[in-house]
Amino acid sequence: MAKLNPIQLQKHLKGVDYPANKEELIKRAQQNGADDNAISVLQQIPDQEYQAPTDVSEAVGDIV
């Protein structure tokens, strides 16, 4: 799996209203044209509420 650039990740999540759950993050990333790698990484993060973009970045950092 390719490493996911944190800046690119936040571009994929542009427009998310936090707090947001995993499903909402994946849906928004798909709407924003995220590639298969980005979607795959988001599918692996814990299924919980994320309070801010930094929370998502931390969860992704634990995976990649």
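About the criteria used
Residues numbered from 1 in each chain as written. Predicted model: local features only at pLDDT ≥ 70, side-chain atom pairs only at ≥ 80, totals over all residues. Heavy atoms only, no water. Helix = DSSP H or I, 4+ residues; strand = E, 2+ residues; numbered from the N terminus. Rg over C-alpha atoms; globule rule 2.2 N^0.38 Å. Buried < 20%, exposed > 50% of the residue type's maximum accessible area, 1.4 Å probe, protein only. Contact = heavy atoms within 4.5 Å. Polar contact = N/O pair within 3.5 Å; in protein donor to acceptor, adjacent residues only side chain to side chain. Core = buried A, V, L, I, M, F, W, Y, C linked by side-chain atoms within 4.5 Å. Axes fitted to C-alpha atoms, helices over the stretch in contact; angles between N-to-C directions. Parallel < 35°, antiparallel > 145°, perpendicular 65-115°, else oblique. Nonpolar A, V, L, I, M, F, W, Y, C, P; charged D, E, K, R; others polar.

K.L.:
Please provide a residue-by-residue account of the overall build of the protein chain, values included.
P.N.:
Looking only at helices and strands, the protein chain features four helices and two strands. Going from the N terminus to the C terminus, the protein chain shows its helices and strands as α-β-α-α-β-α. Computed over its C-alpha atoms, the radius of gyration of the protein chain comes to 10 Å, within 12% of the 11 Å expected for a compact globule of 64 residues. Expressed along its principal axes, the backbone C-alpha trace of the protein chain runs to roughly 25 × 25 × 20 Å. In the protein chain, which comprises 64 residues, the proportion classed as buried is 33%.

K.L.:
If you had to explain the environment of Tyr50 to someone new, which residues and values would you point to?
P.N.:
Within the secondary structure, Tyr50 sits in strand S2 (residues 49-50). Take Tyr50: its relative accessible area is 0%, and that puts it in the buried class. Apart from the residues lying within four places of it in its own chain, the contact partners of Tyr50 are Tyr18, Pro19, Ala20, Lys22, Leu25, Ile45, Asp55, Val56 and Ala59. A polar atom in the side chain of Tyr50 sits 2.6 Å from the backbone oxygen of Pro46.

K.L.:
Describe in detail the nonpolar core, supporting the description with residues and values.
P.N.:
If you look at the biggest cluster of nonpolar residues, it comprises 18 residues, and the most contacted ones within it are Leu9, Leu13, Leu25, Leu42, Ile45, Val56 and Val60. Sorting the residues of this core by element identifies helix H2 (22-31), helix H3 (36-44) and helix H4 (53-61) as the ones contributing at least two each. With four residues, H3 is the largest single contributor of residues to this core.

K.L.:
Can you tell me about the packing of H2 against H3, naming the residues and giving the values?
P.N.:
How two helices sit against one another is set out by the angle between their axes and by the gap between those axes. Remark: H2 packs on H3, axes separated minimally by 9 Å, with the N-to-C direction vectors making an angle of 175°. By the angle between their directions, the pair H2 and H3 is classed as roughly antiparallel. Contact with H2, carried on its side by Lys22, Leu25, Ile26, Ala29 and Gln30, involves Ile39, Leu42 and Gln43 of H3 and no other residues of that element. Looking at the contact of H2 with H3, its residues break down into five nonpolar, two polar and one charged.

Spatial relationships are all this shows, so hold off on functional conclusions.
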